[in-house]
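Breakdown of the fold
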Amino acid sequence: MTVLFKAKGTTAILAAVILLQGIAALFFSADALGDAMRGDNPAEAVMEMFVSVMLFVGLVLGIIQLRHLLEEIATKDRSLDVARGQLADVVKAQFGLWKLTPAESEVALFALKGLDVAEIAALRGAAAGTVRAQLTRIYAKAEVSNRAQLAAFFVEDLLADPVETAQGLPPAEG
């Protein structure tokens, strides 16, 4: 999400630079044309025309870069949507392997989303004690002892690299 936010921020900055560059290119072009028509300092008119041309070249290159950046964002958004869908499928399949009831599956999903017991109880119209009991059964079926371990079960597969120690070495096999 952070990378996507940075890309969208970069897109906005790039678009602003392109706009300013376009305004500057028009200004220098008009000024150079005015100087050339009046016969004022030809060297200055040539320099302003050169700057105008370079600004227009930069403008075109900026537009091309912006277009590529927008295409990249769209591609990443589609990939993220696919990954979300696949994660949902993985979670649902694992709940089936654990033989969670539909109610337990719903509670487990809410727990994975970070809701606390009171919030889950309110959403389900159940007592907090009922939700706690369901979480206890879920943890037992998943062979974990708490919500963090339940979440870690699914996150672990998303992280391709092994966990490293502070010294940068893989942990010792135990």
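Residue numbers here run from 1 along each chain, matching the order of that chain's written sequence. Whole-chain, interface and lining totals are the exception, using all residues; otherwise, since this is a predicted model, local features are given only for residues with pLDDT of at least 70 and side-chain atom pairs are given and counted only at 80 or more. Side-chain descriptors were evaluated using all non-hydrogen atoms of the structure, hydrogens and water having been removed beforehand.

With respect to the overall build of the protein chain
Helix numbering and strand numbering both begin at the N terminus, where a helix is a DSSP run of H or I of at least 4 residues and a strand a DSSP run of E of at least 2. Within the protein chain, the regular secondary structure consists of six helices and zero strands. The order of α-helices and β-strands along the protein chain, N terminus first, is α-α-α-α-α-α. Between buried and exposed lies partly exposed: a residue is buried under 20% and exposed over 50% of the maximum accessible area for its type, with that area taken using a 1.4 Å probe on protein chains only. Among the 174 residues that make up the protein chain, the fraction classed as buried is 26%. Of the contacts formed within the protein chain by residues at least 6 apart in sequence, a portion of 57% connects residues at least 24 apart. Accessible surface area values rest on a Shrake-Rupley calculation with a 1.4 Å probe, where residue burial reflects the displayed protein chains alone. With an accessible surface of roughly 12000 Å², the protein chain has 68% of that area assigned to carbon and sulfur atoms. Contact definition: two residues touch when any of their heavy atoms are within 4.5 Å.

So, the side chain of Glu104
Looking at where Glu104 falls in the secondary structure, it is placed in helix α3 (residues 102–112). The class for Glu104 is buried, based on a relative accessible area of 3%. Any pair of nitrogen or oxygen atoms within 3.5 Å is treated as a polar contact; in protein, a donor-acceptor pairing is required on top of that, and neighbouring residues in sequence qualify only through side-chain atoms on both sides. At 3.0 Å, the side chain of Glu104 forms a polar contact with the side chain of Arg137. Not counting residues within four places of it along the chain, the set of residues in contact with Glu104 comprises Lys99, Arg137, Ile138 and Lys141.

Structural notes on the packing of helix α4 (residues 117–124) against helix α5 (residues 128–142)
Axis lines are fitted to C-alpha atoms, over the contacting stretch for helices. Their N-to-C directions set the angle, which ranges from 0 to 180 degrees. Contact geometry of α4 with α5 gives a least axis separation of 8 Å together with a crossing angle of 110°. Classified by the angle their axes make, α4 and α5 are roughly perpendicular. Touching Val117, Ile120, Ala121 and Arg124 of α4 are Ala128, Val131, Arg132, Gln134 and Leu135, all from α5. For the contact of α4 with α5, the class distribution of residues is six nonpolar, one polar and two charged. Orientation categories follow fixed angle ranges, with anything under 35 degrees roughly parallel, anything over 145 roughly antiparallel, 65 to 115 roughly perpendicular, and all other angles oblique. Ten residue types, Ala, Val, Leu, Ile, Met, Phe, Trp, Tyr, Cys and Pro, are classed as nonpolar, four, Asp, Glu, Lys and Arg, as charged, and the remainder, Gly among them, as polar.

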